[in-house]
Amino acid sequence: MKKVLILLAVFLFGAIQAFADDAADAKAFFNKYVNAANTYSTTIPDFYSPDAKIIRQVVKPDGTLVNVSTNTATYMKQLKLGQATARLRKYKNAYRNITVTKVANGYKVSAERQPTGETYWLKTYQIVQKQPNGQWKVVEELMQTKEQIFLRYAK
């Protein structure tokens, strides 16, 4: 009986350690993404799965929320167009309250983000997944924005 309990304890410790390692890796991946985004890196597309679900949640002036979804390819085109302007404006995002939670399809990295020059904080999350080759990819992303221009893409 003692041996069974010891084996069970070792197994549970290993499972907890694997979860902790993957959660730490997911957070490190998010931090690399933030650095790449804030330095206008051309590697941003490499962070995303080709079929990632991208959601921009527009916060309207009255406080209501409108979700605008797009595919990865369209998002990357929009990102490429916006990077030049962002670089000129020295636009960056600061993040706080970063948490990592295990979900069915990976790890959910949630945070609050503050765009350059603003006093408000917006919600954001990425669901990241470890690929068979060991790389991490964003498979879903929600980012709140107050940019009303995104409403023209709402369906």
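Before reading further, recall that the structure is shown in the block above.
Anyway, here's the lowdown on the structure attached to this text.

Criteria and cut-off values
- Residues numbered from 1 in each chain as written.
- Predicted model: local features only at pLDDT ≥ 70, side-chain atom pairs only at ≥ 80, totals over all residues.
- Heavy atoms only, no water.
- Phe/Tyr/Trp six-rings, centres within 6.5 Å; stacked < 30°, edge-to-face > 60°.
- Helix = DSSP H or I, 4+ residues; strand = E, 2+ residues; numbered from the N terminus.
- Buried < 20%, exposed > 50% of the residue type's maximum accessible area, 1.4 Å probe, protein only.
- Lys NZ or Arg CZ within 6 Å of the ring centre and 35° of its normal.
- Pairing = 2+ DSSP bridges.
- Axes fitted to C-alpha atoms, helices over the stretch in contact; angles between N-to-C directions.
- Contact = heavy atoms within 4.5 Å.
- Salt bridge = Lys/Arg side-chain N within 4 Å of Asp/Glu carboxyl O.

Topic: the packing of aromatic side chains
For any pair of aromatic rings, the description rests on two quantities: the centre-to-centre distance and the angle between the ring planes.
Argument step 1. Evaluated as defined, the whole model comprises 7 aromatic pairs.
Argument step 2. Note on Tyr33 and Phe47: the rings are 5.8 Å apart at their centroids and 75° apart in plane angle, and the pair reads as edge-to-face. Taken together, the residues Tyr33 in helix 1 (residues 2-38) and Phe47 in the loop between helix 1 and strand 1 (48-59) connect sequence positions 14 residues apart. Each member of the pair, Tyr33 together with Phe47, is buried.
Argument step 3. Grouped by ring-pair contacts, the aromatic residues Phe29, Phe30, Tyr33, Phe47, Tyr48, Tyr75 and Tyr95 constitute a single cluster.
Argument step 4. Over the face of the ring belonging to Tyr125 we find Lys108, whose NZ or CZ atom lies 4.4 Å from the ring centre.
Argument step 5. Above the plane of the ring of Tyr120 lies Lys146, whose end atom (NZ or CZ) is 4.1 Å from the centre.

Notes on the sheet that holds strand 6 (residues 136-145)
Argument step 1. Taken in spatial order, the 6 strands make up an open sheet running 2-1-6-5-4-3, and their pairing is mixed. Each edge of the open sheet carries a strand with a single partner, namely strand 2 (65-70) and strand 3 (93-103). For this sheet, the mean inter-axis angle between neighbouring strands, taken without regard to orientation, is 20°.
Argument step 2. Strand direction decides the pairing type here: strand 1 and strand 6, joined by 7 bridges, are parallel. Within strand 6, the position partnered with Arg56 by the bridge is Met143.
Argument step 3. Across the face of the sheet, helix 2 (residues 72-89) comes into contact with strand 1, strand 2 and strand 6 while running at roughly 65° to strand 1.

Some points on the pattern of salt bridges
Argument step 1. In the structure shown here, the tally under the stated rule is 3 salt bridges.
Argument step 2. Asp22 is the partner of Lys130 in a salt bridge, and the nearest nitrogen-oxygen pair spans 3.6 Å. Highlighted residues: Lys130 in strand 5 (residues 122-130) and Asp22 in helix 1, separated in sequence by 108 residues.
Argument step 3. Close ionic contact of Arg56 with Glu141 constitutes a salt bridge, the shortest N to O distance being 2.8 Å. One end of the pair, Arg56, is in strand 1; the other, Glu141, is in strand 6, and 85 residues separate them in sequence.
Argument step 4. For Arg56, a relative accessible area of 8% puts it in the buried group.
Argument step 5. Residue classification places Glu141 among the buried positions, given a relative accessible area of 0%.

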